[in-house]
There are 2 protein chains.
Amino acid sequence: MQDIPLTVTRLLVHGALAHGTSRITTWAGTAGGAEPDRRTFLEAGVRAIQLAGALHDEFGVEPGDPVATLMANTADHLEAYLAVPSMGAVLHTLDPWLPADQLVAAARLGGARVLLTDPAGLAPLASVLPRLTHLRHVIVAGGSESAAVVPGTAYSAEVHDYELLIDDRRKRYDWPEIDERDAAVLCHTTSAHAAPRGVAYSHRALYLHALQAQTPQAYGIGVGDLVLPVVPMSRMLAWGLPYAAFAGGASLLLPGIYDQPAPLAEMSERERPTLAVADPATWDGLLEELATRPRDLSCLHEAVVVGGPGEDPGGPLLAQELGWRHGISTAAAWGAPETLSPACVARTEGGGADEAGRYRFPASVEYGVLGPDLAPLPWDGESQGELLLRGPWITASYVEETGQPAPLHEGWLRTGETATISPDGRVAMKPPKEPSPEGR
Amino acid sequence: MQDIPLTVTRLLVHGALAHGTSRITTWAGTAGGAEPDRRTFLEAGVRAIQLAGALHDEFGVEPGDPVATLMANTADHLEAYLAVPSMGAVLHTLDPWLPADQLVAAARLGGARVLLTDPAGLAPLASVLPRLTHLRHVIVAGGSESAAVVPGTAYSAEVHDYELLIDDRRKRYDWPEIDERDAAVLCHTTSAHAAPRGVAYSHRALYLHALQAQTPQAYGIGVGDLVLPVVPMSRMLAWGLPYAAFAGGASLLLPGIYDQPAPLAEMSERERPTLAVADPATWDGLLEELATRPRDLSCLHEAVVVGGPGEDPGGPLLAQELGWRHGISTAAAWGAPETLSPACVARTEGGGADEAGRYRFPASVEYGVLGPDLAPLPWDGESQGELLLRGPWITASYVEETGQPAPLHEGWLRTGETATISPDGRVAMKPPKEPSPEGR
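Residues numbered from 1 in each chain as written. Chains lettered and ligands numbered in written order. Predicted model: local features only at pLDDT ≥ 70, side-chain atom pairs only at ≥ 80, totals over all residues. Heavy atoms only, no water.

Quick look at helix H10 (residues 280-292) of chain A
Taking 1.5 Å of rise per residue, the 13 residues of H10 of chain A would be expected to cover 18 Å, and the 19 Å separating its terminal C-alpha atoms lies within 8% of that figure. Looking at H10 of chain A, one finds that the buried residues are Pro 280, Thr 282, Trp 283, Gly 285, Leu 286, Leu 287, Glu 289 and Leu 290 of chain A. (Helix = DSSP H or I, 4+ residues; strand = E, 2+ residues; numbered from the N terminus. Expected span 1.5 Å × (residues − 1). Buried < 20%, exposed > 50% of the residue type's maximum accessible area, 1.4 Å probe, protein only.)

What about the sheet that holds strand S4 (residues 90-94) of chain A?
All names here are of chain A. Taken together, the seven strands give an open sheet; going across it, the order is S7-S6-S5-S3-S4-S8-S9, and neighbouring strands pair in mixed fashion. Across the chains shown, the open sheet's two edge strands, defined by having one partner strand only, are strand S7 (158-161) and strand S9 (198-202). Between one strand axis and the next, the sheet turns through 25° on average, direction left out of account. The sheet contact formed by S4 and strand S8 (residues 183-188) spans two bridges and is parallel. By the bridge assignment for S8, Leu 91 is matched with Val 185. (Pairing = 2+ DSSP bridges. Axes fitted to C-alpha atoms, helices over the stretch in contact; angles between N-to-C directions.)

Let's talk about the pattern of salt bridges
Residues and elements named next belong to chain A. Applying the stated criterion to the full structure yields 56 salt bridges over all chains. Note that Asp 101 is salt-bridged to Arg 131, the shortest N-O span being 3.1 Å. Here Arg 131 lies in the loop between helix H5 (119-128) and strand S6 (137-140) and Asp 101 lies in helix H4 (residues 100-110), a separation of 30 residues in the sequence. Note on Asp 101: relative accessible area 54%, which makes it exposed. (Salt bridge = Lys/Arg side-chain N within 4 Å of Asp/Glu carboxyl O.)

Quick notes on the relation of the copies chain A and chain B
Between the two copies, chain A and chain B, the superposition gives an RMSD of 0.0 Å; the rotation angle is 180° and the shift along the axis is 0.0 Å. The superposition of one copy onto the other is thereby described by a two-fold rotation axis. In terms of C-alpha distance to the rotation axis, chain A has Thr 215 of chain A as its closest residue, with the C-alpha 2.1 Å off the axis. Comparing interface residues between copies, 100% of those in chain A also sit at the interface in chain B, which points to an isologous, same-surface contact. (Least-squares fit on C-alpha atoms with pLDDT ≥ 70 in both. Contact = heavy atoms within 4.5 Å.)

Details of the interface of chain A and chain B
In many analyses, interface size is given as the accessible surface area lost on bringing the parts together. Counting residues at the interface gives 56 residues for chain A and 56 residues for chain B. Both sides of the chain A and chain B interface together cover about 4200 Å² of buried area, and 56% of this is carbon and sulfur. When the buried surface of chain A facing chain B is broken down by residue, Met 1, Gln 2 and Ala 363 of chain A rank first, second and third, together holding 20% of it. The interface formed by chain A and chain B includes six salt bridges. Between Arg 10 of chain A and Glu 366 of chain B there is a salt bridge whose closest N-O contact spans 4.0 Å. Our count for the contact surface shared by chain A and chain B stands at 25 residue pairs in polar contact (both at pLDDT 80 or more). (Buried area = accessible area lost by both parts, 1.4 Å probe. Polar contact = N/O pair within 3.5 Å; in protein donor to acceptor, adjacent residues only side chain to side chain.)

Thoughts on the sheet that holds strand S4 (residues 90-94) of chain B
Residues and elements named next belong to chain B. Ordered by their spatial adjacency, seven strands build an open sheet running S7-S6-S5-S3-S4-S8-S9, and the pairing between neighbours is mixed. Sheet topology places strand S7 (158-161) and strand S9 (198-202) at the edges, where each strand pairs with a single neighbour. For this sheet, the mean angle separating the axes of adjacent strands, direction not counted, is 25°. Relative to S7, strand S6 (residues 137-140) is paired through four bridges, and the arrangement is parallel. Opposite Val 138, over in S7, you have Val 159 as the bridge partner.

Some thoughts on the side chain of His 19 of chain B
Turning to its location among the elements, His 19 of chain B is positioned in the loop between helix H1 (8-18) and strand S1 (23-26). A polar contact is formed between the side chain of His 19 of chain B and the side chain of Arg 360 of chain A, at a distance of 3.5 Å. Separated by 3.5 Å, the side chains of His 19 of chain B and His 14 of chain B make a polar contact. In this structure, His 19 of chain B is in contact with Arg 360 of chain A together with His 14, Phe 41, Val 223, Phe 246, Ala 247, Gly 248 and Gly 249 of chain B, ignoring residues within four places of it in sequence.

Worth remembering: the numbers are spatial, not functional.
This is the structure we're talking about:
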């Protein structure tokens with residue numbers, strides 16, 4: 001067989017050329033007759049090449065260097081997703097909705113000299129910019145670079161306008177040869193009580209996950225779909241949708257800063273996505289919005305509800321409401337920063353309501369449950385233990401700077417999630433047992 | 001990220017455990033009230049482990065050794081698909097429908113000391129057995145081992161019954177560590193005019209293809225599907241269906257020796273497959289059968305028609321007949337022994353009949369067309385040239401014994417297929433130009 005590495009570069013080139021006519025629509029609200037920003041995969045791909053050229057030529061970004069984003073879900077953000085890893089650099093996605101102290105800690109963890117931001121990131125950035133002494137260049141997308149200049153604060157970063165930066169830039173880039181095990185993206189855990197812990201995803205991991213995410217086990221998407229990631233691209237890679245959609249030719253509807261129930265309902269009715277991925281609170285809010293102001297969302301084949309360890313993925317009530325009232329099937333996706341997400345997906349398989357919250361894993365994720373003595377438990381649907389995972393897109397360690405070992409047991413990731421496994425291989429996540437008041 | 005190799009072993013273990021309740025149904029005809037053979041993925045997985053144990057313990061099969069099959073599409077054959085590569089050995093699929101001389105040449109190319117066969121392979125095997133002097137052990141599945149003993153021929157191979165061989169065998173196997181770039185399966189080209197050329201598929205290639213084959217770009221299959229590979233498992237790995245289905249939990253309907261139109265219609269009406277893959281002649285035959293004796297095939301979401309370089313994949317007439325008369329959507333799949341197949345798939349995308357035969361490739365296959373001077377041609381839908389392919393499941397060379405270089409140009413496979421590429425990235429395969437009688 002030919003020895004071709006599995007890289008984000010390949011996803012970029014493939015999406016831009018083989019699916020050049022697929023579309024990225026970024027919502028811009030409806031005030032003043034605003035129209036969404038629309039560009040094709042080919043246009044986004046060419047702009048990603050131009051961005052790579054600018055990062056290299058203007059700022060000296062080289063393979064291995066971190067480049068940060070602090071952005072909403074937009075086509076510009078997707079271009080950074082594609083450009084930065086393809087040039088061998090490491091994309092570090094920072095979350096504009098983090099508290100200032102956590103944002104500073106996360107930004108320092110990555111240490112990027114160059115950061116891309118947009119209207120969603122400007123205010124949070126302004127509040128922490130003086131503390132980001134490692135930052136040299138801020139690139140502002142969305143045409144509002146002047147807002148980044150906050151009077152009276154002292155910082156050393158230069159501010160650049162994204163459009164001016166890539167305008168007239170060369171449309172070819174001599175992509176470096178990349179080892180598929182090299183880091184492509186850096187994400188981090190967040191906590192109010194602990195320092196952020198960084199997780200580096202390799203090109204190989206992202207490529208394999210982008211394939212898996214297209215299968216019916218995960219999202220089941222391809223050409224002809226329009227997918228709406230409401231989950232932010234600034235956290236856990238928007239649950240894998242951007243890379244999977246770009247690789248598979250599924251068009252993208254990106255909400256920009258309009259991720260509240262009313263504009264989500266509005267953009268869904270107008271643009272007609274076939275699949276949307278959001279957290280339970282967003283789906284609840286959307287249901288309330290629809291109760292107040294009904295809209296036709298029959299376009300949605302599936303509503304994916306996301307959740308992580310210890311979280312409630314909405315449960316059967318949310319699924320019933322979406323299904324009975326609006327005719328929308330639901331799936332629950334489970335993930336964590338320590339694994340590319342979703343790691344597993346639950347949907348009913350014709351067995352009725354009992355099946356809610358029973359997850360299936362793909363071939364790339366081995367799983368098991370361990371008892372308190374760390375012995376493997378049987379797959380009997382009853383034995384409850386900690387869920388352990390192993391596979392090519394699951395972390396082996398946190399990035400070194402954080403000095404914390406990943407929670408591993410003999411090479412397997414300990415998720416901290418309590419689960420049972422049925423004889424049919426499906427996994428039920430259990431809420432942590434309440435300690436009995438009687439101590440029993 | 002954890003460094004986990006991409007292997008057939010993982011597909012075996014995952015399918016058997018995570019999809020243990022998915023089913024393999026092997027048709028056995030209807031004569032005398034015969035019932036199909038039914039087993040679960042878990043049962044097949046355990047039997048594959050037992051087969052690996054028998055191959056190792058009884059016949060000394062070690063990693064790297066070839067093991068041949070000469071079998072129809074059956075659950076037993078699938079067990080060999082899983083067992084042989086998982087133990088590090090190399091599965092060599094031989095085609096019972098080859099002319100004797102080609103069968104001998106192919107068998108010698110692989111050089112397997114051990115061969116599994118079944119009622120479909122017994123007669124062809126008997127006719128060539130005296131010439132297969134390298135063969136030491138013949139394992140006969142399907143309970144008819146005595147038929148292999150052909151009176152009056154001289155050969156040295158011992159004959160074993162598959163069921164007796166694995167009966168009571170241990171249900172654990174200490175799988176070896178496998179380099180994902182090692183060979184897992186050996187296939188070969190066939191021709192009446194040339195020696196067979198062997199193509200070795202690596203574990204990595206098979207794993208990546210098994211993922212891709214599950215996506216909507218290819219078959220779009222998963223739990224809840226029942227897939228019917230009419231294309232033989234003895235050629236080109238039945239177009240990737242067995243590994244993809246086992247990895248994704250899609251149940252399998254295997255026709256055994258009953259791959260003629262009447263039993264195919266019969267098993268489809270009774271077992272209700274959701275997807276079937278066959279060559280144009282089989283689909284034509286099935287349509288004739290249905291015209292004579294109508295049956296309800298509304299279960300089929302998609303009929304996949306396969307074809308290779310220079311072949312006609314049935315064209316719009318077959319698609320119209322299946323669609324208009326029976327309400328079955330069609331897809332055309334293109335492949336060749338030099339690439340895991342399908343390499344690309346064509347289906348309409350809402351653009352009408354013009355779209356027939358316009359193929360989409362996945363991210364793992366780079367493609368382009370070259371002119372006669374080997375210069376790349378533009379993607380304008382008009383420039384016609386030779387289709388070249390590159391990717392992790394495309395061959396870099398034929399196996400050494402055949403002494404023939406693969407048709408490569410700067411690392412890309414030359415397919416010999418004439419094609420154009422549209423601006424939207426889709427590829428149209430063209431029949432070879434007829435030489436003009438006037439020489440123009």
